[in-house]
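Coordinate analysis (summary)
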Amino acid sequence: MKTNKILSILAMLVVSVMLFTSCSSDDDGDGSKDINVQEVVGTWTCTASTDKVDGKTITGYMVGESITISEDGKFFSTESSIGNGTWELNGNKMSAKNTYGDTFSATIVVSGNKMKWSGSSSQGVSFNYTWKKK
């Protein structure tokens, strides 16, 4: 009898913990949603880009370039200024470091086969890129 009561209490405790942890929100309070790694993994082609360097705006520099983002934390780009390197995702923030030692950070939004980046690099470039998954 005592064993059944203890097991019942433990079962209720486990269910309670599962309910509370599964009800957390993905909303960071700024309207952004956490991104699942699987949403960004794949090969993407840039369809629109705006870069700002030294106060100058450059439109279309990245258009047509591709980046392949692998689940193992590596990326490969056809654009030499991005190059190849490693990346990680934390919520809706992506950070990356290429083989030259440059770092990049961006807030990302994924909707179906489209992804938008808004960020900056250690080279003083701010950027807004729109990508389409191949």
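Higher on the page you've got the structure.
About the thresholds
- Residues numbered from 1 in each chain as written.
- Predicted model: local features only at pLDDT ≥ 70, side-chain atom pairs only at ≥ 80, totals over all residues.
- Heavy atoms only, no water.
- Helix = DSSP H or I, 4+ residues; strand = E, 2+ residues; numbered from the N terminus.
- Buried < 20%, exposed > 50% of the residue type's maximum accessible area, 1.4 Å probe, protein only.
- Contact = heavy atoms within 4.5 Å.
- Areas by Shrake-Rupley, 256 points an atom, 1.4 Å probe, with all protein chains shown as cover.
- Core = buried A, V, L, I, M, F, W, Y, C linked by side-chain atoms within 4.5 Å.
- 1 Å grid on protein atoms, 1.4 Å probe; cavity = no way out; pocket = protein on both sides within 12 Å on 5 of 7 lines; lining within 4 Å.
- Points joined across faces, edges and corners; volume = space filled by probe spheres on them.
- Nonpolar A, V, L, I, M, F, W, Y, C, P; charged D, E, K, R; others polar.
- Polar contact = N/O pair within 3.5 Å; in protein donor to acceptor, adjacent residues only side chain to side chain.
- Phe/Tyr/Trp six-rings, centres within 6.5 Å; stacked < 30°, edge-to-face > 60°.
- Pairing = 2+ DSSP bridges.

Let's shift gears to the overall build of the protein. Check the secondary structure of the protein and you find two helices and nine strands. Going from the N terminus to the C terminus, the protein shows its helices and strands as α-α-β-β-β-β-β-β-β-β-β. Buried positions account for 31% of the 134 residues belonging to the protein. Contacts in the protein between residues at least 24 apart in sequence constitute 36% of all its contacts with a sequence separation of at least 6. Working note: accessible area of the protein is about 8,600 Å², and carbon and sulfur atoms make up 56% of it.

Attention now goes to the nonpolar core. Val40, Ile67, Ile69, Trp87, Met115, Trp117 and Trp131 are the most contacted members of the largest nonpolar core, which totals 22 residues. At the level of elements, strand S1 (42-53), strand S3 (66-69), strand S6 (93-98), strand S7 (103-111), strand S8 (114-121) and strand S9 (126-133) are the ones that each hand at least two residues to this core. At four residues, the largest contribution of residues to this core is made by S7. Beyond its immediate chain neighbours, meaning those up to four positions away, Val40 contacts Ile35, Ile69, Trp87, Met94, Ile108, Val110 and Met115.

A few words on the environment of Ser111. Here Ser111 is to be found in strand S7. Given a relative accessible area of 53%, Ser111 falls into the exposed group. Along the chain, Ser111 and Glu39 lie 72 residues apart, while their C-alpha atoms are 8.7 Å from each other.

A few words on the layout of surface pockets. Quantified by volume, the largest pocket comes out at close to 400 Å³. Ser81, Ile82, Phe104, Ser121 and Tyr129 are the residues nearest the centre of the largest pocket, which is lined by 26 residues in total. For the lining of the largest pocket, the residue count by class is 18 nonpolar, six polar and two charged.

Bringing the side chain of Asn98 into the picture now. With respect to the secondary-structure elements, Asn98 resides in strand S6. From its side chain, Asn98 meets the backbone oxygen of Ile82 in a polar contact 3.1 Å long. Polar side-chain contacts of Asn98 include one of 3.0 Å to the backbone nitrogen of Tyr100.

Quick look at the packing of aromatic side chains now. A complete count under the given rule lists four aromatic pairs for this structure. Ring geometry for Trp117 versus Tyr129: centroids 6.3 Å apart, planes at 40 degrees, classification tilted. Remark: Tyr129 occurs in strand S9 and Trp117 occurs in strand S8; sequence separation between them is twelve residues. Each member of the pair, Trp117 together with Tyr129, is buried. Aromatic pair Phe127 and Tyr129: ring centres 4.9 Å apart, planes at 20 degrees, arrangement stacked. Clustering of aromatic rings is evident, with ring pairs tying together Trp117, Phe127, Tyr129 and Trp131.

This part takes up unusual backbone geometry. Trans is the prevailing form of peptide bonds, just as negative phi is the prevailing case for residues other than glycine. In this structure, Asp54 takes a positive phi of about 50 degrees despite not being glycine. The topology assignment puts Asp54 in the loop between S1 and strand S2 (56-59).

Moving on to the pairing of S2. Strand direction decides the pairing type here: S1 and S2, joined by four bridges, are antiparallel. Across the sheet, the residue bridging to Asp51 is Ile58, located in S2.

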